[in-house]
Amino acid sequence: MQRRMIASVGVATVIAAFSITSIAQQPAGQRQGGAGRLSGGAVPDNRPFNAREFAGVWSRNAGGFGGGGTCAECGDRGFSLEWPVFTAEGQAAFDRNIPSYGREKDSPDAKAHPEEHIGRRRAQPPALGNDPYGTCNPMGVSRALLYPDPIEFHALPDRILQHYEWHYGIRTIWMDGRKLPPNPPDLPRWWGYSTGRWEGDTLVVESIGHDDRTWIDYFGYPHSDVMHLEERYRRISYDTLELTMTVTDPKYYAMPWKSQTKRLKLLPKGFIKTPEAWEGLLEDLCAPIDEFDFIRTIRDPAGTGKPPVPPTSR
């Protein structure tokens, strides 16, 4: 993906290196890219549907994990919804993460919104941040579910596969009745270890074994190696799927942190199509051979003021 950006070096590309700091603050209906692919508009889709059929390509416009909502009774019910409640260890991990999404750190814009958690008001240019995806590392489950590029569900007899356009990653959700293993030999994993079950028409997915170098979302909220992630999916209409997530991580969070309700919209067949009539997810792949050239020639010079280093991959 960055090869295309490097090929168009210029003012627009330098601006793109900074625009990451503000994308998450745009009103949901105004974001570009994958988020702009939402189908259906304001007209409800009343076609009949199977509530347990998730196969298809879904577009998301989710924003961050939580925050911005109100839940005065959440603490009494044993979980946090609006903003996370850190332990001392969790606060230290949060402080170490330097994201490039949100309001610019110490900017007038950030100071004008004290009602927002500091996690939404501390963005720095990517050259000064430490986002693990900035060097093409997997983003992890919760973050991949939040990013607005489309996601495709594949339903197999014993599992559900989630194919994320962003990073072109595949995640397996086992649906064969197995329980979460106490200690698989290959944990932790970048994508964790996930099992699913049906509770009525709600798909409940639980996962453990998440590599603690991934972030909960692109604002840099951390998780530890003991995080338990629960996802609850409910298809409420032909073209709408609702998702809520709950992070339970006693190392980093004083109480479980529940996400806002996210909505995914089904993309109709033929929506993702090139002029050659090819259909499917785009290959939005972060390839190090391209990404590192982008870092040397565009990202770091834009963020630090240092002259660009000539690319080496071509």
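Scroll up for the structure.
Residues numbered from 1 in each chain as written. Predicted model: local features only at pLDDT ≥ 70, side-chain atom pairs only at ≥ 80, totals over all residues. Heavy atoms only, no water.

Participant: Any chance you could break down the overall build of the chain for me, citing the residues and the numbers?
Facilitator: For the chain, the count of helices and strands is six helices and ten strands. A buried classification covers 51% of the 314 residues belonging to the chain. Excluding contacts between residues fewer than 6 apart, the proportion of contacts in the chain whose partners are at least 24 apart in sequence is 62%. With an accessible surface of roughly 14,900 Å², the chain has 55% of that area assigned to carbon and sulfur atoms. (Helix = DSSP H or I, 4+ residues; strand = E, 2+ residues; numbered from the N terminus. Buried < 20%, exposed > 50% of the residue type's maximum accessible area, 1.4 Å probe, protein only. Contact = heavy atoms within 4.5 Å. Areas by Shrake-Rupley, 256 points an atom, 1.4 Å probe, with all protein chains shown as cover.)

Participant: Run through empty space enclosed by the protein, naming residues and quoting values.
Facilitator: Enumeration according to the criterion identifies two cavities of 30 Å³ or more in this entry. Roughly 40 Å³ of internal volume is contained in the second largest cavity. For the second largest cavity, the full set of lining residues is M139, G140, V141, S142, W190, H210, T214, W215, I216, H223 and M227. (1 Å grid on protein atoms, 1.4 Å probe; cavity = no way out; pocket = protein on both sides within 12 Å on 5 of 7 lines; lining within 4 Å. Points joined across faces, edges and corners; volume = space filled by probe spheres on them.)

Participant: Before we move on, can you summarise the nonpolar core with the specific residues and values?
Facilitator: Core analysis: the largest hydrophobic core is formed by 43 residues, its most contacted members being L145, F153, I216, Y221, Y233 and Y253. Of all elements in the fold, only α3 (88-96), α5 (141-146), β2 (151-155), β3 (159-164), β6 (202-208), β7 (228-237), β8 (240-248) and β10 (262-266) reach the threshold of two or more residues within this core. (Core = buried A, V, L, I, M, F, W, Y, C linked by side-chain atoms within 4.5 Å.)

Participant: Tell me about the side chain of E116, and name the residues and values.
Facilitator: Its location among the elements puts E116 in the loop between α4 (108-111) and α5. At 2.9 Å, the side chain of E116 and the side chain of R103 are in polar contact. (Polar contact = N/O pair within 3.5 Å; in protein donor to acceptor, adjacent residues only side chain to side chain.)

Participant: Give a detailed account of the pattern of salt bridges, specifying residues and quantitative values.
Facilitator: Using the criterion set out here, one finds 18 salt bridges in the structure. When the shortest N-O distance is used, the salt bridge between E199 and R232 registers 2.8 Å. Of this pair, E199 sits in strand β5 (residues 193-199) while R232 sits in strand β7; the two residues are 33 residues apart in sequence, bridging distant segments of the chain. One salt bridge in this structure joins E230 and R232, with 3.9 Å as the shortest N-O distance. Note on R232: relative accessible area 28%, which makes it partly exposed. Each member of the salt-bridge network shares a partner with another, and the members are R197, E199, E206, E230 and R232. (Salt bridge = Lys/Arg side-chain N within 4 Å of Asp/Glu carboxyl O.)

Participant: Run through the packing of aromatic side chains, naming residues and quoting values.
Facilitator: Scanning the entire structure with this criterion turns up 17 aromatic pairs. Geometrically, the ring pair formed by F86 and Y221 is stacked, given 6.5 Å between the ring centres and 20° between the ring planes. Of this pair, F86 sits in the loop between β1 (56-60) and α3 while Y221 sits in the loop between β6 and β7, placing them 135 residues apart in sequence. Accessibility assignment for this pair places F86 and Y221 in one class, buried. With a centroid separation of 5.1 Å and an interplanar angle of 65°, the aromatic rings of Y221 and W257 are classed as edge-to-face. One end of the pair, Y221, is in the loop between β6 and β7; the other, W257, is in strand β9 (residues 257-258), and 36 residues separate them in sequence. Grouping residues by exposure puts Y221 and W257 together as buried. Members of the aromatic cluster, joined through ring pairs, are F65, F86, F94, Y221, Y253 and W257. A cation over an aromatic ring shows up here: R122 above the ring of F94, its NZ or CZ 3.7 Å from the ring centre. A cation over an aromatic ring shows up here: R235 above the ring of Y238, its NZ or CZ 5.5 Å from the ring centre. (Phe/Tyr/Trp six-rings, centres within 6.5 Å; stacked < 30°, edge-to-face > 60°. Lys NZ or Arg CZ within 6 Å of the ring centre and 35° of its normal.)

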